[in-house]
Amino acid sequence: MNYYMGIDIGTSGCKAAVFDSDGLQISLAYHEYQIISENEGWAELDPEEVIRKCFLVIKESAMQVAPDTITGIGISSQGEAFALLDQEGKILCNALVSSDNRANEYSSGWAEKFGEEKLYQVTGHTPHPMFSLFKLLWIKDHWPRIWEATCKILCFEDFLQYRLGLSDPAMGWPLAGRTMLFDVINHCWSPEILDAAGISETQLSRPLQSGSVAGRIDPGIAKKLGLKENTFIVTGGHDQPCCGLGAGAILPGIAVYSAGTVDCITPAFNNPVFKSLLRESNLCTYDHVVGGMYATVAFSLTGGNILKWFKEEFGRVESDLARETDEDTYDLLLNQLPENPTKLIVLPYFTPTGTPYFDSSAKGAVIGLDLTTKRNELLKALLEGVALEMKLNLEILEQSGYQVNELRVIGRGARSQVWNQLKSDIIGKPITVINVTEAGCKGAAMLVKAAHTGQPASEIAAHWTKIVTRLIPDVRKSYDQKFLTYKKLYPALKIILANQYSREK
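A short tour of the structure in this document, coming up. (Residues numbered from 1 in each chain as written. Predicted model: local features only at pLDDT ≥ 70, side-chain atom pairs only at ≥ 80, totals over all residues. Heavy atoms only, no water.)

**Observations regarding the packing of aromatic side chains**
Note the following rule: Under the pairing criterion, centres of Phe, Tyr and Trp rings, with the six-membered ring standing for Trp, must be within 6.5 Å; the plane angle then separates stacked pairs below 30 degrees from edge-to-face pairs above 60, leaving the rest tilted. Here a helix means four or more residues in a row that DSSP labels H or I, a strand means two or more in a row labelled E, and each is numbered from the N terminus. Each residue is placed in one exposure class: buried if its accessible area under a 1.4 Å probe, protein chains only, is under 20% of its type's maximum, exposed if it is over 50%, and partly exposed if it falls in between. Whether a charge lies above a ring is judged from NZ of Lys or CZ of Arg, which has to be within 6 Å of the ring centre and within 35 degrees of the ring normal.
Applying the stated rule across the entire model yields 17 aromatic pairs. Between W110 and F134, the ring centres sit 6.3 Å apart and the planes meet at 75°, which makes this aromatic pair edge-to-face. Highlighted residues: W110 in helix 2 (residues 104-114) and F134 in helix 4 (residues 132-142), separated in sequence by 24 residues. Relative to F314, the ring of F310 has its centre 5.2 Å away and its plane inclined at 45°; by these criteria the two rings are tilted. On the criterion of helical spacing, the pair formed by F310 and F314 is a turn pair, its members being four residues apart in helix 12 (residues 305-314). What makes F314 partly exposed here is its relative accessible area of 37%. The structure contains a cluster of three or more aromatic residues connected by ring pairs, namely W309, F310, F314 and F350. The ring centre of F114 lies 4.5 Å from the NZ or CZ of K118, which sits over that ring.

**Some thoughts on the pattern of salt bridges**
As a reminder of what qualifies: Salt bridge, as used here, is a side-chain nitrogen of Lys or Arg placed within 4 Å of a carboxyl oxygen of Asp or Glu.
In total, this model carries 20 salt bridges according to the counting rule given. Here E117 ties to R279 by a salt bridge, and the two come within 2.3 Å at their closest N and O atoms. Of this pair, E117 sits in helix 3 (residues 116-123) while R279 is found in helix 11 (residues 276-280), placing the two residues 162 residues apart along the sequence. Its relative accessible area of 25% is what places R279 among the partly exposed residues. Here R206 and D168 are joined by a salt bridge, their closest N and O atoms 3.3 Å apart. Separated by 38 residues along the polypeptide, R206 in strand 12 (residues 206-208) and D168 in the loop between helix 6 (156-163) and strand 9 (170-172) bring together distant segments of the chain. Connected through salt bridges with shared partners, the residues E44, D100 and R102 form a single ionic network.

In short, geometric facts, not functional conclusions.
This is the structure:
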């Protein structure tokens, strides 16, 4: 029996899962780590802690299967974050993760000087402080000693490979694309961008198509982790397209909907398309993990954060009840939602926005409150706001020629049928629940099997994923009028909210 391991390195924790040849999950291990935020707008991870936890989940997951049965491992990784290493391989500073916005001035000033249109045509992305390029420019100016000592710039996929013994690590094309240093058409580091940023290609890892064998784990390290000596490592890439493969959402018209801390929709399409509407809406175009395909990501950074915030601020009764009954606090809250659409309308920017606005100064708003407003109505309105934001993104994609007919939901939010049905009603698309709990790990494991057997990853996905439930929009609960109002809300409130926030600071 051949087993395949997928590793998912996220922002708040890492996972490792083992799958058999038929896609059955045999084992799973998970460990968390903490975001470090020493200053406002900063968000960092300790790379040593991340790697230590990655080694733990690999070992714990491997211990749950028979020895010498894991053929290879694949790695799905959060985008944008990186570790800086000196000549001896020593870490020079913490890793700046996606939500770190200290490079805000660079994402506007440097990009304008380089040429935003040129940058978009090469990278398929529009400027934002989340991307590695701008974080590196900030470090170059603000931490010159660290910059001068930097020998390697490694994202977490290739950093883990490096620590597993690969002296010349590689990263999948999709992860390379999230640095904004990568040419997504010619599949190479962009000489022009590197030259303008003062970065040497020798500092970066080899970019390889997802599903390529990057190398083999050092025998001594493999033994310590419970892996066989010749265990090979396969390039995976950015977590969102890895999740898309893991969910089997790789056919035209089907997109994966990752419902977690951040809500993110990732469709797959056959050709790269650079359109003005996509650029204006900050909807990128970059490589999918499935060879020859491309992806975009439409996301709300508030996402499921909004439910967590509500639980912590207003859900004490449910939290206490959950401890007494061993029920889930979130289920207790969601099961109280009113049946019909609310009279409230929410601008769900409790964090900086994602697509389409990329507005780091936006603030949330609740419109329509009065003395009859109930707590459960407020909660439903908050969830409606996030779903309306995702509907707005899908409308832009469809106006650009990317028709999405079905959403395959994954993540913690996928567990609630109440929440899934609400999203289906608002977005107006079927929501499909599949037999996948760890889509990032599963997508990475599919790439390992593809490399091992030569079977196309798309065929493996079709075999490994099964539909559990399909929820259809309830046409009696039309959100069409609310959506028309919603689309006008951000432009109308942007100036007012920005001015108010400036006065408060």
